[in-house]
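The primary structure of each chain is shown beneath.
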Amino acid sequence: MEHGSVRDPSSATFCFVDEDHTLANSVRFALNQDPRVSFCGYSIPHPSDAKVNIRVQTTGDPAREVLKDACQNLMVMCQHVRSTLDKAVEDYKRNPTDMDTK
């Protein structure tokens, strides 16, 4: 859900339901890598509420588009981590003694 200004699309707060610090901090990290972001932060309104608010302010681009790009970049990062892990596991299974000496 998006809470933003109709007059200023460069600033908005997005509410992610059924999420916690794990996703919120990762999205915040991805957003802060984007030079179009002037401010980004997140809050969890209450510990018993499974909801995260992510605030995005940009240098002019629509906040929704910048968030979408950040989520896509985060998916690419996760895919890279997964493929690197899978390769390391395959290497270890092929020759476990080589890994023990490093």
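In this text, all values refer to a predicted model and were calculated from it rather than measured experimentally. (Residues numbered from 1 in each chain as written. Predicted model: local features only at pLDDT ≥ 70, side-chain atom pairs only at ≥ 80, totals over all residues. Heavy atoms only, no water.)

(A) Up close: the environment of Met-75. With respect to the element layout, Met-75 can be found in helix 2 (residues 63–94). For the pair Met-75 and Ala-30, spaced 45 residues apart in the sequence, the C-alpha separation amounts to 9.9 Å. (Helix = DSSP H or I, 4+ residues; strand = E, 2+ residues; numbered from the N terminus.)

(B) Region of the structure containing the pattern of salt bridges. A full pass over the atoms with the stated rule returns eight salt bridges. As a salt-bridge pair, Asp-69 and Arg-36 come within 2.8 Å of each other at their nearest N and O atoms. Placement of Asp-69 in helix 2 and of Arg-36 in the loop between helix 1 (21–32) and strand 3 (37–43) is noted, with a sequence separation of 33 residues between them. By relative accessible area, which is 23% here, Arg-36 ends up partly exposed. Note that Arg-94 is salt-bridged to Asp-91, the shortest N-O span being 3.2 Å. (Salt bridge = Lys/Arg side-chain N within 4 Å of Asp/Glu carboxyl O. Buried < 20%, exposed > 50% of the residue type's maximum accessible area, 1.4 Å probe, protein only.)

(C) A look at the side chain of Ser-10. Tracing the backbone shows Ser-10 in the loop between strand 1 (2–4) and strand 2 (11–17). Among the polar contacts listed, one links the side chain of Ser-10 to the side chain of Asp-8, at a separation of 2.5 Å. The contact partners of Ser-10, leaving out residues within four places of it in the chain, are Val-56, Gln-57, Thr-58, Gly-60, Asp-61, Pro-62 and Ala-63. (Polar contact = N/O pair within 3.5 Å; in protein donor to acceptor, adjacent residues only side chain to side chain. Contact = heavy atoms within 4.5 Å.)

(D) Geometry of helix 1. End to end, helix 1 covers 16 Å across 12 residues, agreeing with the expected 16 Å (1.5 Å per residue, within 8%). What helix 1 keeps buried is the set Ala-24, Val-27, Ala-30 and Leu-31. Buried residues in helix 1, looked at end-on, bunch into an arc of 130°, giving them a common side. Residues of helix 1 that are buried sit in contact with strand 3, strand 4 (51–58) and helix 2. If you check the start of helix 1, you find a side-chain oxygen 3.0 Å away from the backbone N of Thr-22, and it comes from Asp-20. (Expected span 1.5 Å × (residues − 1). Arc of directions from axis to C-beta.)

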